[in-house]
Amino acid sequence: MEELYVFGTGNAQATHCYNTCFAIENDGHYFLVDGGGDNTIMKQLKNADIDWREITDVFVTHKHIDHIMGIIWIMRLFGQNIAEKGLDRELNIYGHEEVIHILHSMAELLLQKKHCAAIGKQIHMIKVKDGEEKDILKHKVTFFDIQSTKAKQFGFSMELPCGNLTCLGDEPLNSFGEKYARGSAWLMHEAFCLESQSSLYNPHEKKHSTVKEACENAARMGVRNLILYHTEDDSLDQRRRLYTEEGRRYFDGNLYVPDDLERIAVCRSC
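Criteria and thresholds
Residues numbered from 1 in each chain as written. Predicted model: local features only at pLDDT ≥ 70, side-chain atom pairs only at ≥ 80, totals over all residues. Heavy atoms only, no water. Helix = DSSP H or I, 4+ residues; strand = E, 2+ residues; numbered from the N terminus. Pairing = 2+ DSSP bridges. Axes fitted to C-alpha atoms, helices over the stretch in contact; angles between N-to-C directions. Contact = heavy atoms within 4.5 Å. Core = buried A, V, L, I, M, F, W, Y, C linked by side-chain atoms within 4.5 Å. Buried < 20%, exposed > 50% of the residue type's maximum accessible area, 1.4 Å probe, protein only. Parallel < 35°, antiparallel > 145°, perpendicular 65-115°, else oblique. Left-handed = near helix turned anticlockwise from the far one by under 90°. Nonpolar A, V, L, I, M, F, W, Y, C, P; charged D, E, K, R; others polar.

*Asks:* Could you give an account of unusual backbone geometry, naming the residues involved and the relevant values?
*Replies:* Residues other than glycine seldom take positive phi values, yet Asp27 does so here, at roughly 55°. Secondary-structure assignment places Asp27 in the loop between β2 (21–26) and β3 (29–33). The phi torsion at Asn202 lies on the positive side, around 50°, for a residue other than glycine. Here Asn202 shows up in the loop between α6 (198–201) and α7 (211–220).

Below, the structure is given as structure tokens:
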């Protein structure tokens, strides 16, 4: 049974929770999506009781530091253990051309030469294009360009036994993502704040949405399960209750507002 491990739920400036990143698990192997902004990803893996060596695939949605910097620590972890301890593991890192170029450059500038030696051998940097399909965790994954105006960004849709799980990155659903989101069993949609907090957080200026808007999108797409993430963290202790109360007015499917380190069985309630 596939599970989704949520390592972080916050936006770029979150200080009370980690930046948004997560992993999908199948048969003891993990597909990591983004890494947050620092080495807290290593702490979150440990807190989730995940053996980092069982990460087989990584996807980086875009170049913003709250998504990409944690991946450098993952690359360092693999590269160091391959070089110094003979780790016999393969790691696939997927991203669009710009992301892969940045990761290559940062590795060369920041990591020891011996820790970069595995790149191209056991650490595979794989460029993906809009609409390209890959087999990950024994499931078909389709990557797609969300046509962001801030920074080039991709989302993905994974075919699961219960239906598709679609991740839109950290921007609202638009016409370019609709064909992937429509009818999804699971939709992961950012929700920066409550509708009533729009004047406080100005989500639209940041190309983000409110809980109301995310839930309206999910309802319009006929989604069965909606996960809200990439939020403000000023109301962290009340976030689940407040977001659920607002979301229920616009979406009548299963609504999830996870905390960091929460696990969701993504095929149990489909």
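Here the narrative resumes, following the displayed structure.
*Asks:* Which residues make up the sheet that holds strand β14 (residues 263–265), and what values do they have?
*Replies:* Spatial strand order, β6-β5-β4-β3-β2-β1-β14: 7 strands in an open sheet with mixed pairing. This sheet does not close on itself; its edge strands, each paired only once, are β6 (123–127) and β14. The sheet shows a mean angle of 20° between the axes of neighbouring strands, direction not considered. Relative to strand β4 (residues 55–59), β3 runs parallel, the two being bridged by 4 bridges. Across the sheet, the residue bridging to Tyr30 is Ile55, located in β4. Across the sheet, helix α2 (residues 65–85) lies against β3, β4, β5 (91–95) and β6, angled at about 145° from β6, the strand it touches most.

*Asks:* How would you summarise the nonpolar core if you had to cite specific residues and measurements?
*Replies:* The biggest cluster of nonpolar side chains holds 37 residues, and the ones touching the most others in it are Phe7, Leu32, Ile55, Met75 and Leu103. In terms of residue count, α2 provides more of this core than any other element does, 8 residues in total. Contacts of Met75, omitting those with residues within four sequence positions, involve Ile93, Leu103, Ala107, Leu111, Ile119, Ile123 and Met125. The next biggest cluster of nonpolar side chains, apart from the first, holds 29 residues, and it includes Phe31, Cys167, Ala185 and Cys267.

*Asks:* Outline the packing of α7 against helix α8 (residues 239–247), listing residues and values.
*Replies:* Relative orientation of the contacting elements α7 and α8 amounts to 50°, with a least axis distance of 9 Å. Relative to α8, the element α7 lies oblique. The handedness of the crossing between α7 and α8 comes out as right-handed. Each of Val211, Lys212 and Cys215 in α7 lies in contact with α8, whose residues at this interface are Tyr243, Glu246 and Gly247. Classifying every residue of the contact of α7 with α8 gives 3 nonpolar, 1 polar and 2 charged.

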